[in-house]
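Descriptive analysis of the structure
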Amino acid sequence: TALLLQLLEPLATSKSLLDIGGGIGVIQHELYRSGLHRSMQVDGASAYIKVSREESRRRGHENRCEYRHGDFVDLAAEDVDIKADLVSLDRVICCYPGMEELLGAAADRASRVVGLVFPRDGRLFQIIERVGNLFVRFFDPDYRMYIHSAKDVEDLMRNRGFSRKALRKTVAWQVHLYERVAH
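Here we summarise the structure given alongside this text. The model shown is predicted, which means the values in this text are computed figures rather than measured ones.

Moving on to the overall build of the protein chain. Looking only at helices and strands, the protein chain has seven helices and seven strands in total. Starting at the N terminus and ending at the C terminus, the protein chain contains elements arranged as α-β-α-β-α-β-α-β-α-β-α-α-β-β. Radius of gyration (C-alpha) of the protein chain: 16 Å, near the 16 Å computed for a compact globule of 183 residues. Seen through its principal axes, the protein chain has C-alpha atoms that stretch 45 × 40 × 35 Å. Out of the 183 residues belonging to the protein chain, those deemed buried represent 49%. In the form shown here, the protein chain has an accessible surface area of approximately 9700 Å², with 51% of it arising from carbon and sulfur atoms. Distance from the positive charge centre (27 side chains) to the negative charge centre (26 side chains) of the protein chain: 5 Å.

Here we take up the sheet that holds strand 5 (residues 110-119). Pairing is mixed across the open sheet formed by seven strands, whose spatial order is 3-2-1-4-5-7-6. Two strands bound the open sheet, and with one partner strand each, they are strand 3 (65-69) and strand 6 (162-169). Each neighbouring strand pair of the sheet contributes to a mean axis angle of 15 degrees, computed without reference to strand direction. The sheet contact formed by strand 4 (residues 84-90) and strand 5 spans six bridges and is parallel. Residue pairing across strands places Leu 89 opposite Leu 116, the latter belonging to strand 5. Strands in contact with helix 5 (residues 99-108) are strand 1 (16-20), strand 4, strand 5, strand 6 and strand 7 (173-180); relative to strand 5, the strand with the most contacts, it is inclined by about 150 degrees. The strands touched by helix 7 (residues 150-159) are strand 5, strand 6 and strand 7; relative to strand 7, the strand with the most contacts, the crossing angle is about 10 degrees.

Another point: unusual backbone geometry. Note: most peptide bonds trans; most residues except glycine with negative phi. Located in the positive-phi region is Ser 14, a residue other than glycine, with phi close to 60 degrees. Even without a glycine there, the phi angle at Arg 91 is positive, about 55 degrees. One can find Arg 91 in the loop between strand 4 and helix 5.

Cut-offs and rules
- Residues numbered from 1 in each chain as written.
- Predicted model: local features only at pLDDT ≥ 70, side-chain atom pairs only at ≥ 80, totals over all residues.
- Heavy atoms only, no water.
- Helix = DSSP H or I, 4+ residues; strand = E, 2+ residues; numbered from the N terminus.
- Rg over C-alpha atoms; globule rule 2.2 N^0.38 Å.
- Buried < 20%, exposed > 50% of the residue type's maximum accessible area, 1.4 Å probe, protein only.
- Areas by Shrake-Rupley, 256 points an atom, 1.4 Å probe, with all protein chains shown as cover.
- Lys, Arg positive; Asp, Glu negative; His and termini not counted.
- Charge placed at Lys NZ, Arg CZ, Asp CG, Glu CD.
- Pairing = 2+ DSSP bridges.
- Axes fitted to C-alpha atoms, helices over the stretch in contact; angles between N-to-C directions.
- Contact = heavy atoms within 4.5 Å.

Quick look at the structure:
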């Protein structure tokens, strides 16, 4: 999250943000410090939205925040007006069964930039995915982790009119920043 914020902060001044799977709203709350104009947060968990809304109120920018509860793919199909300059997906595509639909819909809603964080790929992480999914199934049978190929993500974004501008990696995560290619 910190690496994604470092990449987005210089771009946030007077811009709009669509934070997909925004959780408690860390991305939007921090980007308001960098001059973000307005934001929309979409999350499938109403409890996260409640906490994020309370934090917006506490920080004094609730009048510039919009919240939508639900599956972003479904919401985007229903509402073509969901758009923003910047779109963020921080550790979201790794928990969603249809990466292509989710990331494609996100890219279609971004006028300038898409930033995303997802697990690194490769043999070790594929093993971790299998073992992790086996273990987690006992606690939450509905949850599943997905390891996506960075090449698949890159190809999808290029086909949607974006070029990768930054890539950062940690031991477990990769952070990609894509910018829409001007025609």
